Amino acid sequence: GYSVHVLPEAELPYETYVNSLQVNDVLFIPVFGEKNDQKAVDIYKSLNLGLKIVTMDSRDISTQGWGSIHCFTMNYPPATLDQIVLEMNGTVVH
């Protein structure tokens, strides 16, 4: 009763496009600055989930073995919040 959609492989160990996170009507997808980033995003879009797709640069954190977007919500890595946000090119708003 289900379909499997195979995502492309990323180039480096610990990088995976499966490590996405849905929050309400937004789906956050990790990207790594690689050739398969757009292919992975296109596959998610083709599922017509009715979700807004947001990519997040996760390369630096993932290649250090800290996981990615979904991992951060399950197991906080051994880093400060500021360091995690900086690694993903984000900004902490207080």
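Quantities reported herein were computed from a predicted structural model and do not represent experimental measurements. (Residues numbered from 1 in each chain as written. Predicted model: local features only at pLDDT ≥ 70, side-chain atom pairs only at ≥ 80, totals over all residues. Heavy atoms only, no water.)

Asks: Kindly report on the layout of surface pockets, identifying the contributing residues and their values.
Replies: A volume near 210 Å³ is recorded for the largest pocket. Along the wall of the largest pocket there are 11 residues; nearest its centre are Met56, Ile69, Phe72, Ile84 and Met88. Of all the elements in the fold, those that place two or more residues in the lining of the largest pocket are α3 (69–74) and α4 (81–87). A class-by-class count of the residues in the lining of the largest pocket yields 9 nonpolar, 2 polar and no charged. (1 Å grid on protein atoms, 1.4 Å probe; cavity = no way out; pocket = protein on both sides within 12 Å on 5 of 7 lines; lining within 4 Å. Points joined across faces, edges and corners; volume = space filled by probe spheres on them. Helix = DSSP H or I, 4+ residues; strand = E, 2+ residues; numbered from the N terminus. Nonpolar A, V, L, I, M, F, W, Y, C, P; charged D, E, K, R; others polar.)

Asks: Talk me through the pairing of strand β2 (residues 26–31); I want residue IDs and the actual numbers.
Replies: In terms of residue burial, β2 counts as a mostly covered element, since 5 of its 6 residues are buried. Where strand β1 (residues 21–23) lies against β2, 3 bridges are found, and the strand directions are antiparallel. Following the sheet pairing, Gln22 is matched in β2 by Leu27. Where β1 hands over to β2, the hairpin turn is made up of 2 residues, of which Asn24 adopts a positive phi near 55°. Read from β2 through helix α1 (residues 37–46) to strand β3 (residues 52–57), the crossover connection turns out right-handed. (Buried < 20%, exposed > 50% of the residue type's maximum accessible area, 1.4 Å probe, protein only. Pairing = 2+ DSSP bridges. Right-handed = clockwise from strand over helix to strand, strands pointing away.)

Asks: Can you explain the sheet that holds β3? Please cite residues and give values.
Replies: Read from one edge of the open sheet, 3 strands run β1-β2-β3, paired in mixed fashion. The sheet terminates laterally at β1 and β3, the two strands that pair on one side only. Across this sheet, the average inter-strand angle for adjacent strands is 30°, counted without regard to direction. The sheet contact formed by β2 and β3 spans 6 bridges and is parallel. From the neighbouring strand, Phe28 faces β3, where its bridge partner is Val54. (Axes fitted to C-alpha atoms, helices over the stretch in contact; angles between N-to-C directions.)

Read these as spatial facts, not as claims about activity.
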